[in-house]
Amino acid sequence: MTFVLVHSPSVGPSTWAPVAGALERRGRPAVVPDLSGVTEGGPPYWPRVVAAVRDAAPADGPIVLAAHSNAGLFVPVIKEGLGDRVVACVFADAHLPPERGLVKPGQDDFLPFLRELAGESGVLPRWTDWWSEEDVAPMFPDPAVRDRLIAEQPRLPLGFYTDPVPVPAGWDAVRCSCLWFGPPYDTVAEQARQRGWPVLRVPGLHLHQTVDPEAVTDALLKLSRRS
């Protein structure tokens with residue numbers, strides 16, 4: 001069983017690298033697709049997300065999808081692209097898609113904030129530049145990791161957050177679960193409970209998988225276990 005760790009397109013693959021390493025040390029294959037180029041070429045963006053994950057995933061064998069942050073909204077189309085090899089989906093401090101229909105990566109009440117950041121250029125600053133230093137600094141385990149993660153962050157077009165992503169019906173027929181670190185994902189965890197999903201918390205901030213990858217790996221293994 002291979003873990004396919006999908007990072008938010010707002011950041012980069014190094015956000016999952018420590019967990020991939022921890023899984024490999026435990027004898028669990030793991031890959032981290034690189035989504036850094038998915039906005040090149042204009043909308044729609046979601047087919048390039050699916051293609052990047054499909055290209056990085058193994059050609060056969062069961063897969064556990066673990067998605068962080070707004071990558072969670074792409075899980076249904078990614079699962080459809082990988083077929084019935086996906087046996088479990090874990091949402092790690094991630095947004096949950098609806099059961100079917102369409103979903104935008106940017107929530108309606110968040111879009112005015114993004115529009116102001118993008119300005120006339122229509123291009124957003126790096127994700128960590130959206131927030132104050134007081135908010136950003138505690139998310140990283142040390143300055144070296146911070147520098148590496150910030151260096152690989154893309155500047156996304158505002159349109160990425162308004163481009164609808166299809167949600168195929170039945171995507172959640174496999175085992176789905178929620179791992180959350182802290183607010184505001186407490187509300188997401190409650191949504192997952194209402195859906196009847198297993199929910200587990202590893203206390204931390206939004207990039208906690210870079211701070212305590214062993215604890216996050218423990219949680220992923222527990223949540224992905226088939227009952």
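Computed from a prediction, not measured in an experiment: that's the story for all the values here.

Criteria and thresholds
- Each residue is numbered by its place in its chain's sequence as written, counting from 1.
- Local features in this predicted model are restricted to residues of pLDDT 70 or higher, and side-chain atom pairs are both shown and tallied only at a pLDDT of 80 or more, whereas totals for entire chains, interfaces and linings draw on every residue.
- In computing side-chain properties, one takes all heavy atoms of the structure into account and sets aside hydrogens as well as water.
- Lines fitted to C-alpha atoms define the axes, with helix axes restricted to the stretch in contact, and inter-axis angles between N-to-C directions lie between 0 and 180 degrees.
- Secondary structure is summarised from DSSP: a helix means a run of H or I of at least four residues, a strand means a run of E of at least two, and numbering begins at the N terminus for each.
- Angles are sorted into four bins: roughly parallel if under 35 degrees, roughly antiparallel if over 145, roughly perpendicular if 65 to 115, and oblique for all others.
- Handedness of a helix crossing follows the sense of rotation of the near helix relative to the far helix, less than a right angle counterclockwise being left-handed and clockwise being right-handed.
- Should any heavy atoms of two residues lie within 4.5 Å, those residues are counted as being in contact.
- Gly falls in the polar group here, along with every residue not listed as nonpolar (Ala, Val, Leu, Ile, Met, Phe, Trp, Tyr, Cys, Pro) or charged (Asp, Glu, Lys, Arg).
- Pairing between strands is defined by DSSP: at least two bridges between them are needed.
- Burial classification: accessible surface area is computed with a 1.4 Å probe over protein chains only, and a residue below 20% of its type maximum counts as buried, one above 50% as exposed, and the rest as partly exposed.
- Orient the strands so they point away from the viewer; a crossover is then right-handed if the path from the first strand over the helix to the second runs clockwise.
- Here, a salt bridge means any Lys or Arg side-chain nitrogen found within 4 Å of an Asp or Glu carboxyl oxygen.
- Aromatic rings from Phe, Tyr and Trp, with only the six-membered ring used for Trp, were paired whenever their centres fell within 6.5 Å, and each pair was classed as stacked if the ring planes differed by under 30 degrees, edge-to-face if by over 60, and tilted otherwise.

Draft legend 1. Up close: the packing of helix α2 (residues 46-56) against helix α3 (residues 75-82). Between α2 and α3, the least distance of the axes is 9 Å, while the angle of their chain directions is 50°. Considered as vectors, α2 and α3 are oriented oblique to each other. Of the two elements, α2 crosses α3, and the hand of that crossing is right-handed. Touching Trp46, Val49, Val50, Val53 and Arg54 of α2 are Val77, Ile78, Gly81 and Leu82, all from α3. Counted by class, the contact of α2 with α3 contains 7 nonpolar, 1 polar and 1 charged residues.

Draft legend 2. Representation of the sheet that holds strand β3 (residues 63-69) within the structure. Sheet architecture is open: 6 strands sit in the order β2-β1-β3-β4-β7-β8, paired in parallel fashion. At either end of the open sheet lies a strand with only one pairing partner, and these are β2 (30-31) and β8 (199-201). Summarising the sheet, strand β1 (residues 2-6) and β2 pair through 2 bridges and their orientation is parallel. Paired with Phe3 across the bridge in β2 is Ala30. Strands in contact with α3 are β1, β3 and β4 (86-94); relative to β3, the strand with the most contacts, it is inclined by about 155°.

Draft legend 3. Representation of the pairing of β1 within the structure. Across the 5 residues of β1, 5 count as buried, placing the element largely inside the fold. What you see with β1 is no split at all: Thr2, Val4 and Val6 on one side and Phe3 and Leu5 on the other are buried throughout. Alignment of β1 against β3, held across 5 bridges, turns out to be parallel. If you follow Leu5 over to β3, its bridge partner there is Ala66. Running through helix α1 (residues 17-25), the crossover from β1 to the neighbouring parallel element β2 is right-handed.

Draft legend 4. Representation of the pattern of salt bridges in the model. Evaluation of the coordinates by the stated rule reveals 8 salt bridges. A salt bridge links Asp218 to Arg26; the nearest nitrogen and oxygen atoms lie 2.5 Å apart. On the criterion of sequence distance, the pair formed by Asp218 in helix α9 (residues 213-224) and Arg26 in the loop between α1 and β2 is long-range, its members being 192 residues apart. Take Asp218: its relative accessible area is 41%, and that puts it in the partly exposed class. Note on Arg26: relative accessible area 33%, which makes it partly exposed. The shortest N-O distance in the salt bridge between Lys104 and Asp108 comes to 2.9 Å. The class for Asp108 is exposed, based on a relative accessible area of 56%. Salt bridges linked by common partners bring Arg25, Arg26, Glu214 and Asp218 together as one network.

Draft legend 5. A look at the packing of aromatic side chains. With the rule as written, the count across this model stands at 14 aromatic pairs. For the pair Phe91 and Trp197, a centre-to-centre distance of 5.5 Å together with 25° between the ring planes defines the contact as stacked. Placement of Phe91 in strand β4 and of Trp197 in the loop between α7 (185-194) and β8 is noted, with a sequence separation of 106 residues between them. As far as the burial class goes, Phe91 and Trp197 line up, both buried. Here the aromatic rings of Phe113 and Trp130 are separated by 6.5 Å at their centres, their planes lie at 75°, and the arrangement is edge-to-face. Highlighted residues: Phe113 in helix α4 (residues 111-118) and Trp130 in the loop between α4 and α5 (133-136), separated in sequence by 17 residues. The exposure class of Phe113 is partly exposed, given its relative accessible area of 28%. Judged by relative accessible area, which is 9%, Trp130 ranks as buried. Chaining the aromatic ring pairs together yields one cluster made of Tyr45, Phe74, Phe110, Phe113, Trp127, Trp130, Trp131, Phe160 and Tyr161.

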